[in-house]
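Tertiary structure, described
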Amino acid sequence: MDEPAHTDVIVIGMGPGGEYAAGTLAQAGLHVTGVEQRLVGGECPYYGCVPSKMMIRAGNLLAEGGRIPGMAGTADIHPDWAPVATRIRDEATDNWNDQAAADRFTGQGGHLVRGHGTITGPAEVTVDGRTFRARRGIVINSGTDPAVPPIEGLAATPYWTNREILRVEQVPDSLIVLGGGAIGAELAQVFARFGTAVTVVEAAPRLVTFEEPEASELIERIFAADGIKVYTDAPAQRVSHDGSQFTVHLGSSTLTAERLLVATGRKTDLAALGVAAIGLDPAARTIPTDGRMRAADGVWAIGDITGHGAFTHMSMYQAGIVVRDILGQEGEAADYRAVPRVTFTDPEIGSVGLTEAQARAAGLRVRTGLTQVPASARGWIHKAGNDGFIKVVADADRSVLVGATSAGPYGGEVLSALQVAVRAEVPLATLRNMPYAYPTFYRAIEAALTDLASS
Ligand SMILES: Cc1cc2nc3c(=O)[nH]c(=O)nc-3n(C[C@H](O)[C@H](O)[C@H](O)COP(=O)(O)OP(=O)(O)OC[C@H]3O[C@@H](n4cnc5c(N)ncnc54)[C@H](O)[C@@H]3O)c2cc1C
């Protein structure tokens, strides 16, 4: 393969945004060198969104089957992990082989270099001893790795992170999940639905701690119904493994399980990336960028590493901005007022913008509205599995929504209307004076707005 030392753009890390930016710029005629040390496509298709959502789809099928009695007859359900593992291996990840993605990039005219890229000077990247120089600049899309907290004993145990659990061929009998954020909550529920005895341990006072407290209460109630044990306000103090079982010591209790999943967040390593060579702080956790995703002269950063939300849609959104900037095209600057996020539990927790607490902390004159999905026509019709709520957070001075949460069946889809409302700053009067299709789940937004009006 032709690997010239001189190139137009070097993309370090081919996560979702890097892959998109590199391919698009190559198709536009630039000489693009994509550097990837693991798999082209990054975390999302191989160890993140896609395989986890395949697992969730399977778990939700089982849950729906369990809702048949009393509503549609009887169901005899026998969970089987084999089709889930096979689907992830064969359909999603090609057995964790990125050749198709690599071929797609080179087919677009890109030049793929495998190995760890280190920035060794302005516009210069070295990959395993080979040096590349970029005429236009460097795009950093190096993503994040699973963070493993410094809990006594943990490092010496055969714990799982997302990179192991999304490859399992058999479900364990029992599983302790350290971390009750989005990833921990999603995977805890999946495995519980496939018969694993699951315990979630969270150091914060509540699960999905970055979401509204109503979302945490909902998830904790649902988890109790799923048979998942939850310990909140319970930092793990010590972990050991005796060859067959994990033991996790909390302050007052001791838990044991066959497997341990560490889902306590993500980490970056800017020093290993060599950012000091371009004047950036190697000890920082994220790379600050301007509205055009520029981090320094001739350097752009996108994705998890920018700290604007570790989501594939963020990586792709920012990649689009970088592509426009490099190609000299007009376009809006990055705007983070309406970043959507979805925890794909059942019910899904979709949210956008500010929570009530964040809005208050920002000094806004806050008003909120809340409605329960089971109280809506569609929720009542849906019956089994209808848990959820819609909460809207308004800036009373401007009469617009600044945040919202949509929890329930298809909560992530219902969120779309709320995202548009927050992003476009649709006046509350407009939101209140339009018909909401009957009987949809999103119609509950109207009830939340009515509640807000009376608050
Ligand atoms: C279990 C799980 C579930 C998730 N579910 C969702 C979801 O449902 N929806 C969603 O939006 N997001 C989800 N995410 C998050 C999502 O995967 C990431 O936000 C997404 O992959 C974007 O990350 P990124 O573009 O920053 O780069 P990444 O995907 O992290 O990729 C970065 C790439 O850079 C490479 N790299 C790093 N440093 C170097 C170097 N120096 N040289 C060469 N290569 C390098 C890495 O090998 C990697 O391939 C999930 C994550 C996990 C772990």
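For the structure itself, consult the block above.
Residue numbers run consecutively from 1 along every chain, following the written order of its sequence. Note on the predicted model: pLDDT of at least 70 is required for a residue's local features to be given, and 80 or more for side-chain atom pairs to be given and counted; whole-chain, interface and lining totals, by contrast, use all residues. The basis for every side-chain value is the complete set of non-hydrogen atoms in the structure, without hydrogens or water.

**So, the overall build of the protein chain**
Strands here mean DSSP runs of E at least two residues long; helices mean DSSP runs of H or I at least four residues long; both are numbered from the N terminus. Across its full length, the protein chain holds 15 helices and 22 strands. When its C-alpha atoms are laid out on the principal axes, the protein chain stretches across 65 × 60 × 40 Å. Sequence-distant contacts in the protein chain: of pairs separated by 6 or more residues, those separated by 24 or more amount to 63%. Between the centroid of the 38 positive side chains of the protein chain and the centroid of its 51 negative side chains there is a distance of 3 Å. Contacts are assigned to residue pairs with any non-hydrogen atoms lying within 4.5 Å of each other. In this tally Asp and Glu are treated as negative and Lys and Arg as positive; neither His nor the chain ends contributes. To locate a charge, take NZ of a lysine, CZ of an arginine, CG of an aspartate or CD of a glutamate.

**With respect to the pattern of salt bridges**
When a carboxyl oxygen of Asp or Glu is within 4 Å of a side-chain nitrogen of Lys or Arg, the pair counts as a salt bridge. Tallied over the entire structure, the rule returns 31 salt bridges. For Asp-346, the salt bridge identified is with Arg-67, shortest N-O distance 2.7 Å. Placement of Asp-346 in the loop between strand E18 (340–343) and strand E19 (348–353) and of Arg-67 in the loop between helix H3 (49–66) and helix H4 (82–92) is noted, with a sequence separation of 279 residues between them. Arg-67 carries the same exposure label as Asp-346, and that label is buried. A salt bridge links Arg-398 to Glu-425; its shortest N-O distance comes to 3.0 Å. Of this pair, Arg-398 sits in the loop between strand E21 (389–395) and strand E22 (400–408) while Glu-425 sits in the loop between helix H13 (411–423) and helix H14 (428–432), and the two are 27 residues apart along the sequence. Among the charged side chains, a salt-bridge network with shared partners connects Glu-332, Asp-335, Arg-337, Asp-395, Arg-398, Arg-423 and Glu-425. Throughout this description, buried means an accessible area under 20% of the type-specific maximum (1.4 Å probe, protein chains only), exposed means over 50%, and partly exposed covers the range between.

**A short note on the sheet that holds strand E9 (residues 197–201)**
In this analysis, strands are considered paired if DSSP registers two or more bridges between them. Spatially, E10-E9-E8-E14 is the arrangement adopted by the 4 strands of the open sheet, whose pairing is parallel. Because the sheet does not close on itself, it has two edges, and the strands there are strand E10 (229–231) and strand E14 (259–262). Going from strand to strand, the sheet's axes swing by 15° on average, the running direction of each strand aside. Across 3 bridges, the pairing between E9 and E10 is parallel. When the sheet's bridge partners are listed, Thr-199 is paired in E10 with Lys-229. In this analysis, axes come from line fits to C-alpha atoms, helices being fitted only over the stretch in contact, and the angle between any two N-to-C directions falls in the range 0 to 180 degrees.

**Focus: the nonpolar core**
Counting residues in hydrophobic clusters, the biggest one holds 66 residues, and the most contacted among them are Val-32, Met-55, Trp-81, Phe-191, Val-198 and Phe-223. For this core, the element with the most residues is helix H7 (residues 182–193), which contributes 6 residues. Excluding its chain neighbours within four sequence positions, the residues that come into contact with Phe-223 are Ala-185, Ala-188, Gln-189, Val-200, Leu-207, Ile-228, Val-230 and Thr-345. Side-chain atoms within 4.5 Å link the members of a nonpolar core, which is a set of buried Ala, Val, Leu, Ile, Met, Phe, Trp, Tyr and Cys residues. Ranked by size, the runner-up nonpolar core spans 23 residues in total, among them Val-392, Val-426, Leu-431 and Ala-444.

**Thoughts on the pairing of strand E6 (residues 130–140)**
Across 6 bridges, the pairing between strand E1 (residues 6–12) and E6 is parallel. Of the residues in E6, the one forming a bridge with Thr-7 is Ala-134. As paired elements, strand E5 (residues 124–127) and E6 share 4 bridges and run antiparallel to each other. Counted as the bridge partner of Glu-124 is Arg-133 from E6. Hairpin connection between E5 and E6: a loop of 2 residues separates the two successive antiparallel strands, and Asp-128 in this loop has a positive phi of roughly 45°. Strand direction decides the pairing type here: E6 and strand E17 (residues 299–301), joined by 3 bridges, are parallel. Paired with Ile-138 across the strands is Val-299, a residue of E17.

**Here's the deal with the sheet that holds strand E13 (residues 254–257)**
Pairing is antiparallel across the open sheet formed by 3 strands, whose spatial order is E11-E12-E13. Of all strands in the sheet, those bounded by a partner on one side alone are strand E11 (238–241) and E13. Within this sheet the neighbouring strands show an average axis-to-axis angle of 15°, counted without direction. Where E11 and strand E12 (residues 246–249) come together, 4 bridges link them in antiparallel fashion. Within E12, the position partnered with Ser-240 by the bridge is Thr-247.

**Section: helix H15 (residues 444–453)**
Listed as buried for H15 are Ala-444, Ile-445, Ala-448, Leu-449 and Leu-452. Down the axis of H15, the buried set is contained in an arc of 150°. They therefore lie on one face. Residues of H15 that are buried make contact with strand E20 (366–372), E21, E22, H13 and H14. Each C-beta atom gives one direction from the helix axis, and the arc is the one those directions make.

**Some details on unusual backbone geometry**
Of note, the amide linkage connecting Asp-346 to Pro-347 takes the cis form, showing an omega dihedral of 5°. Structurally, the position occupied by Pro-347 is in the loop between E18 and E19. For Asp-94, which is not glycine, the phi torsion reads 50° and is therefore positive. Examined against the element boundaries, Asp-94 turns out to sit in the loop between H4 and helix H5 (99–107).

**Remarks on the side chain of Thr-7**
Mapped onto the elements, Thr-7 comes out in strand E1. The contacts of Thr-7, once residues within four sequence positions are left out, are His-31, Val-32, Thr-33, Arg-133, Ala-134 and Arg-135.

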